[in-house]
Amino acid sequence: MQFNVEINGQKVIARRGETILNLLNRNGINVPTLCHLNGFIPTGSCRFCSVEVDGMTDLVPACSHQAEEWMKIQTHSPRVIKARRTILELILANHPEDCLYCGRSGKCELQILANELNIRERKYKTRNKNLQVDRNCPSIDRDPNKCVLCERCIRVCNETIGVSAIEVVGRGSSSSIGTSLNKGLNLKACVKCGQCIMVCPTGALYEKPTYSKVIEALSNPELYPVIQFSPTVAVSVAEETGIKSGKDVVNLLRKAMMNIGFKQAYDTSLGADLMIQEIAEELNHRIISKNTLPLFTSCCPSWVKYVKDLKPELQDRLATVKSPHLITGNVIKNYLLAKSGIPAEKVFSVSVMPCTSKKYEITLQQNIKDVDAVITTRELIRIIRFFGIDFSVLEPEPSYSSSTIRSSAGVLFGTAGGALEGIIRSFYYQVSGQEMTNYKILELRGMKGRKEYKLKIGKSVYGFASVSGLSNVKSLLDEIQSGRSDLHLVEVMVCPNGCINGGGQPFDASEKSIRSRIKMLYDTDEAEFIRVAHKNPLVNELYDQWLGKPGSEKSNQFLHTDLSN
C-alpha cells in the first residue's frame, strides 16, 4: 500500500511499513547516521538521523520510526540541526584531536559530520579517556579512545560473522567497546577478518600497518623487492584512482609497481590456478578412497582459523593447500627467481590483499617465508599516492614474461562462488577427461549468502556449496553433522560476497559498487583466452619441470601446509 507524505514541503509517495530513513534515501535526501547499518534491525541509539515531524513533541529517529500517512517531515529544520550539533559536540568533547595523523582522516564519518555541521572548535571539555591501545593482534589495531560507542562492530561481529569477539564492557559513562575479559583482539574468537574495520565510523579500528616496512624494503639495496596482487585489488584500485573503464588495469598496476621500485610484479591468480589443481586432485582422491566428505576450501585464512580454534572436529575436512598468495610467494622465491640465480633469502616478497587476515596468516610461516609482508588495498593506494603515480598518463607494462600468464578461473577467486566455479572446471576435466561445454555456472553466482550446485559426470552426481558471511556457515554445518551426505566440496568465505568485500578494501563500498566489482571479475572471465587452470602454460611448466603433478610429494612439500600449526 502506498500513500503521500510531505518532506521539506514536497509530497512524496511512501510505502506501508518502510522507515522514514528508507523513504528519505529513496528520494535522494541524506541525513547523517552513526549507529545505522543497512540490512540490520535499527537501534536508533545515536539519534543523528532524527527529523522533525509536525504534531510530535520530540524529534523522531528516522532509522527506526515508520513513515505514516499524515506526516509532514522536516529533515534540516533549525531544531534538527541544533540537536545534531549538540550530539556531535558532546561526542567530540572527549574524542582525541589527532586528525592530522589518524589513519582514518579524510574517511572518518565523525570528521565529515563535523565539517558538514560547521563545527570548528571544541565547545565542551571533559577528561580524556586515556585507554590503552590494543596492538596485540597481528591484523587489527584497536584504539578505544576513538570509539563513539555506535556498536556497529559488535553487530557485524555477532550477526554477520557470528563469532562475538567484541562486546560492551562496563556500564553507564564508564562503558566502552572491548573484548572478552579485556584480553584484546588477539584471542581465539576473533578470526581477523576486518569486517569490524569496514563499519567503524572513526579510527577506533584499523589494519595493522605494514606501509613503512614496505617503503623501507624498497630502499634497501640488499633486498630484491617483488610484489603480487589479487585481481580483486586491481578492480578496487581502478575504482579508487579513477582508471577509465576499458583500460588494461592489471598491466597498468604492474607498471605502477615497477615505477615505484619493485623488481617484478606478479598476479596472485597464478597461485589460485595452482590451488585449483591441488584441490581438484585432493577432492578426487577423497572420493575414490571414500575419505571424509565434504572437503572444505582453505583459501580464506579467517575460515581456517575459525575451524582450527572453534571447530577442531572439522579440521580433517579442510583442504591442506596453502592460500593463493602463499603459493604465489613460494613459486616466486623457489622457482621463478631461483632460475635467475636470485637466492630466496634476498627476496622481499609483498602481497597486496583485499583482506586483513592475510597479515595474521603470514605470522604462522616458518623458516624462509613465502610472503614477507602483506598490505591491504587501502595501504597500496596510499603507497601509489605517496609515490605520485598518475594512472592517466601511465602506459601498461607489456606482458613479456610467461610469469604474467593466468587463467580466468583464478581471477574468480575474488568473489563468493568464484573459487568453487574455477575448481569445478578442472575437477570435471580430471574426472571425465573432457572440458565442460559451458564454463559459466549461474547457480554459484549472485549475492546470496549460500548457493548450491549439482554436477553430473557420467552416472555420478557431485554436490557443491558456496557460503559467504561466516554466520551463514552454521546452518550448513548443522545439516552436515546431522547426516547430510550429498555435498562433496564446500567453499567458505568469511566476508559477505567474498574477498571483493574484504576487510582491507576501500571504505564506503555501497552494494552498487560491490556488484560492480563482482561484474568486472565475471567480465574478465568472459574476455580471457584461458578460462581453466589446467590450460595455464605456466602452471603446466611448473608441474612438468618442478612439482611433478598435482598431489605429488613435491607439490605437498611446496604447496601444502600442516594444519596442526
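Above this note sits the structure.
Conventions we followed
Residues numbered from 1 in each chain as written. Predicted model: local features only at pLDDT ≥ 70, side-chain atom pairs only at ≥ 80, totals over all residues. Heavy atoms only, no water. Helix = DSSP H or I, 4+ residues; strand = E, 2+ residues; numbered from the N terminus. Buried < 20%, exposed > 50% of the residue type's maximum accessible area, 1.4 Å probe, protein only. Contact = heavy atoms within 4.5 Å. Areas by Shrake-Rupley, 256 points an atom, 1.4 Å probe, with all protein chains shown as cover. Phe/Tyr/Trp six-rings, centres within 6.5 Å; stacked < 30°, edge-to-face > 60°. Lys NZ or Arg CZ within 6 Å of the ring centre and 35° of its normal. Expected span 1.5 Å × (residues − 1). Core = buried A, V, L, I, M, F, W, Y, C linked by side-chain atoms within 4.5 Å.

Enquirer: What is the right way to look at the overall build of the chain in this model?
Expert: In terms of helices and strands, the chain carries 19 helices and 17 strands. Relative to its full complement of 565 residues, the chain shows a buried share of 57%. When contacts within the chain are restricted to residue pairs at least 6 apart in sequence, those whose partners lie at least 24 apart make up 70%. When the accessible area of the chain is evaluated, it comes to approximately 24,900 Å², of which 48% is carbon and sulfur surface.

Enquirer: So what exactly am I meant to see when it comes to the packing of aromatic side chains here?
Expert: Aromatic ring pairs: the centre-centre distance and the angle between the two ring planes describe each pair. All chains considered together, the criterion is met by 8 aromatic pairs. With 6.2 Å between their ring centres and 80° between their planes, tyrosine 211 and phenylalanine 386 make a pair best called edge-to-face. Taken together, the positions of tyrosine 211 in helix α6 (residues 211–218) and phenylalanine 386 in helix α13 (residues 377–386) put the pair 175 residues apart, joining distant regions of the chain. Among the aromatic side chains, those forming a connected cluster through ring pairs are Tyr211, Phe386 and Phe387. The side chain of lysine 192 reaches across the aromatic face of tyrosine 360, ending 6.0 Å from its centre.

Enquirer: How should I be thinking about helix α15 (residues 418–432) in this particular structure?
Expert: Each α-helix turn comprises 3.6 residues. Residues three or four places apart therefore point the same way. Taking 1.5 Å per residue as the helical rise, α15 with its 15 residues ought to reach 21 Å, and the 21 Å between its terminal C-alpha atoms agrees with that figure. A large share of α15 lies buried, amounting to 11 of its 15 residues. All buried positions along α15 are accounted for by Gly418, Ala419, Leu420, Glu421, Gly422, Ile423, Ile424, Arg425, Ser426, Phe427 and Tyr428. If you follow the buried residues of α15, they end up packed against α9 (269–289), α14 (408–411), β15 (450–457), β16 (460–468), β17 (489–493) and α17 (511–527). One or two positions beyond α15, positive phi appears at glycine 433, with a value near 80°.

Enquirer: Honestly, the nonpolar core in this entry has me stumped. Any pointers?
Expert: Most often, soluble globular proteins keep nonpolar side chains buried together rather than apart. Judged by nonpolar contacts, the single largest core of 99 residues is most densely connected at Leu274, Trp303, Phe464 and Leu470. Among the elements that make up this core, the one with the highest residue count is α9 (8 residues). If we ignore the near neighbours within four places in the chain, the residues touching leucine 274 are Ile327, Val331, Val539, Leu542, Tyr543, Leu547 and Leu559. One finds Tyr211, Ile227, Ile260 and Ile389 within the second-largest nonpolar core, a separate group that totals 33 residues.

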